[in-house]
Amino acid sequence: MDPAELRTEAIAFSRYLVGSEPSEELIARYCEANRELFAGEEDRGVVEFARRHPWSIPLLDARFALGGTSLLRKKLLVMMAILETTPRFVEQTEQQPLPLPRLALRLVSAGASVAVHVVGGFALSRILAWRHVD
Amino acid sequence: MSTEIADVIVVGSGASAVNAAFPLASAGRRVRMLDVGNRDETYDRIVPEASFSELRRTDPQQHRYLLGEHFEGIGWGHTGAGAQLTPPRQFVTRDADRLQPISSTSFFPLQSLAEGGLAGAWGAGSPAFSPPDFDGFPIGYDDLAPHYEAVAGRIGISGTRDDLWPFLGELESLLPPVDSDDNGRTILARYIANRQRAQRRGLYLGQPRLAMLSKPYRGREATHYRDMDFWSDAGRSVYRPRWTVDELRSFETFEFVGRQLVVAFEEREHEVVVTARHADTGKTETHRARHVILGAGTLGSTRIALRSLAAFGRRVPIVCNPHTYLALLNLNQLGKDSLRDARHSLAQLCVVYAPEGSARPFTVGHFYSYRSLLLFRLMKDSPLPFREGLQILRALSPSFGVLILQHADRPTPAKYCELREDDRFVVEYALSEGEQATNDRIESNIVRALRGLRCVRMMTMRPGHAASTHFAGTLPMSDRDEPLTTARDGRLRGTERVYVVDGSVFPSLPSKGLTFTMMANADRVAAGLARRLA
């Protein structure tokens, strides 16, 4: 696995998940986790596309969340786990009980976002399949 | 001492083995415990003594134990046996598949070669069997009652006299109950307010019996409510059998011999010769004793017994509580905008479904909140994209819970073990359609009754046969003098000096964790042997 590509992934995934870039230490941890967990796994296709086009990550994540095995989802899970176990990101990843009105608002807005991304994700994945990027 | 003849060799160091060794060593008998005895050599040193929420806010090294030094805490497989093992608990199953392989198409159990056995990672649920649970056993509740008290006095069990008392068995030696967390309290409050209606539906709720200390006890600390029980054993407030191993080491007449994988025994005129393989070198070693107690876990002891008795190709039964996880949303907690950090991580409530009262078979479950296992583990199983999933789960997970139901199990021809001539240990297990239909019906009724307490099922997960780790019934206790059974006193039929004390001897399993009863039975068998050796 190319360290430069892993670095690009780590930055793109972190921006997607928590809206900010990871430290050098977290990037190194992500690279190490990839070496431990994905040694020998081919990362061309969807992951490569997502790395080159970070705007596509929410769409492809939403699409593959609904089924199918996906290296992209596995890699996002690894980044999520790394961020969740970093003090700097606790505020963004710990449990957050909300009063009912705010909870309802959050569910509606997140639900709408998921719906949009799922539709976009399926469309994009069909295009990628047509172009043999899968 | 290993060249001397011991009074008793105890094979294994898990919950049953240590509670068999204790009364023997206390009575001055020379006891030698043989086990591989793997220990955690990595995480015990690096998990700080602080609360889960504090560690998450302050410890830059938390990934080392929360994710693991080799990221072994990140998994994406199906939620099955062992899914609950965090990196600091994974030593419990280390080497077991390599040294004790099982051949199966349907049964994928966790086995342990660790000092303290599988209970090094147990949930500490400690209900006693009540009289109806002994249906089909040659012994009854009265035979075990004093031994329940002896074990409870040894390990410390918290609980209280509440609506569950008739179901969880009489026990005088109880410590005060540990506190439930917000999730557990709100459900319990709803139950108390609607008790009659819930009970008409067969639902009873109360405090779980837990081998977790609510006050300092025998050199161990009360729980500090740090929510770290899945990650560390700080203060030793949760009972682990290795605490008893440590206690046993203080007896001059006790010896622990590690790295020993016992493979067979051979009875001679006045002694038993036990053959073991060194876990690292593979070298064969022998030990001699007047008596042997097998407490290597159901699968381990059965393998040793079948091999020693040359019972190759003979099928023996096996039973195992089928587990179901009901993921619940607790609407009583939803919308409450604060959470108490101070909590323990184990079962917050015990749930009993008994539509016809305590004299009939009933179903027991334990309710866990989802707090200290990190959200990414939940997100793996959710059909949501990670970013939105994170936002939704952060808000909803304080109201999440998992009710772990363990259904009763009885032997059938479709559940068996067999040691082949080539030493392959085969286990197959299948529930009949009738058994599955019964379990499904019970689950539906429980879900309906829980809805009345404003707990809504979100998902049902069946983690697969063997996930409960409650294996039993392979060398069942019986009054009938048949081969590959055990007598009331624990003696393995076909032998004069070999006893079995683990789950192997339970002819069937009620809907209840068996560990506490297994410990009590081990105490009973060993106390009887100690008297005869006096």
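(A) Fine view of the overall build of chain B. A tally of regular secondary structure across chain B gives 14 helices and 20 strands. Rg of the C-alpha trace for chain B: 22 Å, near the compact-globule value of 24 Å for 534 residues, within the 12% margin. In terms of overall dimensions, chain B has C-alpha extents of about 70 × 55 × 45 Å along its principal axes. A burial count over chain B gives 55% of its 534 residues as buried. Expressed as a percentage of contacts within chain B between residues at least 6 apart in sequence, the contacts between residues at least 24 apart total 74%.

(B) Molecular detail of unusual backbone geometry. Residue and element names in this part refer to chain B. For Asp-227, which is not a glycine, the phi torsion comes out positive at approximately 60°. For Asp-227, the location among the structural elements is in the loop between strand E5 (203-206) and helix H9 (241-248). Within the chain, Asp-423 stands out as a residue other than glycine whose phi angle is a positive 75°. Within the secondary structure layout, Asp-423 lies in the loop between strand E16 (415-419) and strand E17 (425-429). Residue classification places Asp-423 among the exposed residues on the basis of 12 C-beta atoms within 10 Å.

(C) Seen up close, the sheet that holds E17(B). Residue and element names in this part refer to chain B. With antiparallel pairing, the three strands of this open sheet are ordered in space as E10-E16-E17. Single-partner strands in this sheet number two, and they are strand E10 (316-317) and E17. In this sheet, E17 lies alongside E16 in antiparallel orientation, the contact comprising five bridges. When the bridges of E17 are listed, Tyr-416 appears paired with Glu-428. Contacts from helix H10 (residues 298-308) reach E10, E16 and E17 within the one sheet, and its direction differs from that of E16 by about 50°.

(D) Structural context of the nonpolar core. B:Val11, B:Ala21 and B:Leu294 are the most contacted members of the largest nonpolar core, which totals 194 residues. Not counting residues up to four positions away in its chain, the partners in contact with B:Ala21 are B:Val10, B:Val31, B:Met33, B:Leu248 and B:Phe254.

(E) Looking closely at the environment of B:Pro385. With respect to the element layout, B:Pro385 can be found in the loop between helix H11 (375-380) and helix H12 (386-396). The spatial distance from the C-alpha of B:Pro385 to the C-alpha of B:Ile157 is 43 Å, given a sequence separation of 228 residues. Here B:Pro385 is in contact with A:Pro58, A:Asp61, A:Ala62, A:Ala65, A:Val114 and A:His117, once residues within four sequence places are set aside.

(F) Representation of the interface of chain B and chain A within the structure. Listed per partner, the contact involves 36 residues of chain B and 37 residues of chain A. Taken together, the elements giving at least two residues each to the side of chain B that touches chain A come down to helix H2 (52-58), helix H3 (62-66), H11 and H12 of chain B. Tallying contributions element by element places H12(B) first for the side of chain B that touches chain A, with eight residues. Class assignment of the residues belonging to the side of chain B that touches chain A gives a composition of 19 nonpolar, eight polar and nine charged.

(G) Seen up close, helix H7 (residues 100-130) of chain A. For H7(A), which comprises 31 residues, the first-to-last C-alpha distance of 44 Å matches the rise-based estimate of 45 Å (1.5 Å per residue) to within 8%. Turning to H7(A), its buried residues number three or more, namely A:Ala110, A:Val114, A:His117, A:Gly121, A:Leu124 and A:Ser125. Residues of H7(A) that are buried sit in contact with helix H4 (57-65) of chain A together with H12 of chain B. The positive-phi residue at the C-terminal boundary of H7(A) is A:His132, with phi of around 60°.

(H) Local environment of the confidence of the model for chain B. Per-residue confidence for chain B gives a mean pLDDT of 94; residues scoring 70 or more make up 99%. On the interface metric, ipTM, the complex scores 0.96, and its pTM is 0.95.

(I) Geometry of the pairing of strand E12 (residues 323-330) of chain B. Residue and element names in this part refer to chain B. Both E12 and strand E15 (residues 400-406) contribute to a ladder of seven bridges, which runs antiparallel. Looking at the pairing, Leu-329 lines up with Phe-400 of E15. When E12 meets strand E18 (residues 455-461), the two strands line up antiparallel, connected through six bridges. When the bridges of E18 are listed, Leu-328 appears paired with Arg-457.

(J) How the structure looks around the environment of B:Arg524. For B:Arg524, the location among the structural elements is in helix H14 (residues 515-533). Excluding residues that lie within four positions of it along the chain, B:Arg524 makes contacts with B:Asp143, B:Leu144 and B:His147.

Rules behind the numbers
Residues numbered from 1 in each chain as written. Chains lettered and ligands numbered in written order. Predicted model: local features only at pLDDT ≥ 70, side-chain atom pairs only at ≥ 80, totals over all residues. Helix = DSSP H or I, 4+ residues; strand = E, 2+ residues; numbered from the N terminus. Rg over C-alpha atoms; globule rule 2.2 N^0.38 Å. Buried ≥ 20, exposed ≤ 12 C-beta atoms within 10 Å, placed from the backbone. Contact = placed C-beta atoms within 7 Å. Pairing = 2+ DSSP bridges. Axes fitted to C-alpha atoms, helices over the stretch in contact; angles between N-to-C directions. Core = buried A, V, L, I, M, F, W, Y, C linked by C-beta atoms within 7 Å. Nonpolar A, V, L, I, M, F, W, Y, C, P; charged D, E, K, R; others polar. Expected span 1.5 Å × (residues − 1). pLDDT = per-residue confidence, 0-100.

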